[in-house]
There are 2 protein chains.
Amino acid sequence: MSTRREAVHQALTASSGFRSAQDLYADLRADGSKIGLTTVYRALQALSDSGDVDVLRTDEGEAVYRACDTENHHHHLVCRVCSTAVEIEGPAVERWAAEIGAQHGFTGVTHTVEVFGTCAECSKG
Amino acid sequence: MSTRREAVHQALTASSGFRSAQDLYADLRADGSKIGLTTVYRALQALSDSGDVDVLRTDEGEAVYRACDTENHHHHLVCRVCSTAVEIEGPAVERWAAEIGAQHGFTGVTHTVEVFGTCAECSKG
DNA sequence: CAAGTTTTGACAACCATTTTCGTTTTCGCC
DNA sequence: GGCGAAAACGAAAATGGTTGTCAAAACTTG
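Computed from a predicted model, the values in this text were never measured in an experiment.

Novice: Provide a residue-level description of the overall build of chain A, including the pertinent values.
Specialist: Check the secondary structure of chain A and you find five helices and six strands. The C-alpha extent of chain A, read off along each of the three principal axes, is 55 × 40 × 25 Å. Considering chain A as a whole, with its 125 residues, one finds that 40% of them fall into the buried category. Counting only carbon and sulfur atoms, one obtains 47% of the accessible surface of chain A, whose full area is about 6,800 Å². Distance from the positive charge centre (11 side chains) to the negative charge centre (18 side chains) of chain A: 8 Å.

Quick look at the structure:
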């Protein structure tokens with residue numbers, strides 16, 4: 001793992017929620033790094049390929065990334081204000097998705113599940 | 001509902017799976033319509049605002065649309081080859097998502113659930 | 001230090017989507 | 001049927017996230 005890739009991974013780990021590539025680029029530059037935007041994208045792609053970070057799309061189509069604690073398949077509960085994310089697991093959902101697929105004769109079934117809301121902290125204001 | 005919007009809605013209804021705005025534009029032009037790309041986007045936005053069509057994002061970030069049979073909240077089982085979509089309902093998932101959100105103090109909880117796979121027909125080939 | 005390989009980053013290219021803006025169509029009203 | 005305002009339309013340009021290009025920089029190895 002090259003130095004730049006480590007820097008991106010670290011910047012991601014330092015933040016609690018999902019960040020976009022552009023966000024991370026801004027973070028790194030703000031910290032004095034001379035990294036380029038291209039490299040941030042490359043690092044994120046490599047990290048997601050190797051399973052070190054999770055990727056998902058916002059409703060606006062922007063890709064956002066997060067360094068996750070567990071390596072297992074899991075989903076997220078994301079605050080739509082501060083974008084803090086909680087990792088959640090749902091055995092029931094996994095089973096349900098597999099079952100639905102099988103019922104309709106589908107093979108190679110995968111699924112995406114993301115839950116959005118406003119977290120307790122942000123609900124106060 | 002204007003004529004153009006009807007045309008877009010009809011083109012969408014005529015197809016069994018999810019189509020992108022660009023796909024629909026190509027379809028309509030192929031049918032001899034002189035519709036513009038701008039109008040297709042506007043029609044789709046209006047249709048999704050009024051709840052007449054469902055929108056979701058592919059993994060590549062492209063927005064895809066579908067005219068659905070029921071007006072209720074539901075999800076889809078989409079073939080990743082021919083993009084045929086089956087409407088599915090999962091009371092269990094709805095409950096699960098609401099519960100998870102509540103457990104973590106989140107308010108205004110919403111969720112996105114999409115299931116992808118290869119349909120029986122496309123699995124044959 | 002030299003030659004070869006990998007990584008980097010400024011910049012241009014892409015592509016879906018949105019905005020702009022002048023033109024056309026629609027619709028209510030005479 | 002004719003008129004004018006308002007809405008709809010569409011071509012072209014702008015936007016913005018993401019990817020491709022390519023030469024320079026950094027690292028490796030002999």
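Next comes the rest of the account.
Novice: I'd like to hear about helix α1 (residues 3–14) of chain A, residue by residue, with values.
Specialist: All names here are of chain A. The terminal C-alpha atoms of α1 lie 16 Å apart, and with twelve residues this matches the ideal 16 Å at 1.5 Å per residue to within 8%. Here α1 has its buried residues at V8, A11 and L12. Across the axial projection of α1, the buried residues extend over an arc of 100 degrees, all falling on one side. When the buried face of α1 is taken as reference, the exposed residues oriented beyond 90 degrees from it are T3, Q10 and A14. On its buried face, α1 is in contact with β1 (19–20), α2 (21–30), α3 (37–49), β2 (53–57) and β3 (63–67).

Novice: A description of the sheet that holds strand β4 (residues 75–79) of chain A should follow, citing residues and the corresponding values.
Specialist: Reading across from one edge, β5(A)-β4(A)-β6(A)-β6(B)-β4(B)-β5(B) is the order of the six strands in this open sheet, with mixed pairing throughout. Two strands lie at the open edges of the sheet, namely β5 (85–88) of chain A together with β5 (85–88) of chain B, each paired on one side alone. Strand-to-strand, the axes of this sheet are offset by a mean angle of 20 degrees, without reference to chain direction. In this sheet, strand β6 (residues 107–118) of chain B lies alongside strand β6 (residues 107–118) of chain A in antiparallel orientation, the contact comprising nine bridges. Bridge pairing in β6(B) places A:V113 opposite B:V113. The strands touched by helix α4 (residues 91–103) of chain A within the sheet are β4 and β6 of chain A together with β4 (75–79), β5 and β6 of chain B, with β6(A) carrying the most contacts at an inclination of about 135 degrees. Packed onto the sheet, helix α4 (residues 91–103) of chain B meets β4, β5 and β6 of chain A together with β4 and β6 of chain B and runs at close to 135 degrees relative to β6(B).

Novice: Tell me about the protein's contact with DNA strand C, residues and numbers included.
Specialist: For DNA strand C, the set of nearby residues contains 15 residues, the closest of which are A:R4, A:T39, A:R42, B:Y41 and B:A63. Considering DNA strand C, the proportion of its atoms within 4 Å of the protein that are sugar or phosphate atoms stands at 61%. Separating a phosphate oxygen of DNA strand C from a backbone N or O atom of B:A63 is a distance of 2.9 Å. Those elements giving two or more residues to the surface near DNA strand C turn out to be α3 of chain A together with α2 (21–30) and α3 (37–49) of chain B. Across the surface near DNA strand C, the residue classes break down as five nonpolar, six polar and four charged.

Novice: For the protein's contact with DNA strand D, give the residues involved together with the corresponding values.
Specialist: In the vicinity of DNA strand D, 13 residues are found, and the nearest of them are A:Y41, A:A63, B:R4, B:T39 and B:R42. What you see for DNA strand D is that sugar and phosphate hold 62% of its atoms within 4 Å of the protein. In the model, a phosphate oxygen of DNA strand D is placed 2.5 Å from a nitrogen or oxygen of the B:R4 side chain. In this structure, B:T39 approaches DNA strand D through a side-chain N or O atom, which is 2.6 Å from a phosphate oxygen. Ranked by the residues each element gives to the surface near DNA strand D, the list is headed by α3(B), at three residues. Looking at the surface near DNA strand D, its residues break down into three nonpolar, six polar and four charged.

Conventions used here
Residues numbered from 1 in each chain as written. Chains lettered and ligands numbered in written order. Predicted model: local features only at pLDDT ≥ 70, side-chain atom pairs only at ≥ 80, totals over all residues. Heavy atoms only, no water. Helix = DSSP H or I, 4+ residues; strand = E, 2+ residues; numbered from the N terminus. Buried < 20%, exposed > 50% of the residue type's maximum accessible area, 1.4 Å probe, protein only. Areas by Shrake-Rupley, 256 points an atom, 1.4 Å probe, with all protein chains shown as cover. Lys, Arg positive; Asp, Glu negative; His and termini not counted. Charge placed at Lys NZ, Arg CZ, Asp CG, Glu CD. Expected span 1.5 Å × (residues − 1). Arc of directions from axis to C-beta. Contact = heavy atoms within 4.5 Å. Pairing = 2+ DSSP bridges. Axes fitted to C-alpha atoms, helices over the stretch in contact; angles between N-to-C directions. Near = heavy atom within 4 Å. Polar contact = N/O pair within 3.5 Å; in protein donor to acceptor, adjacent residues only side chain to side chain. Nonpolar A, V, L, I, M, F, W, Y, C, P; charged D, E, K, R; others polar.

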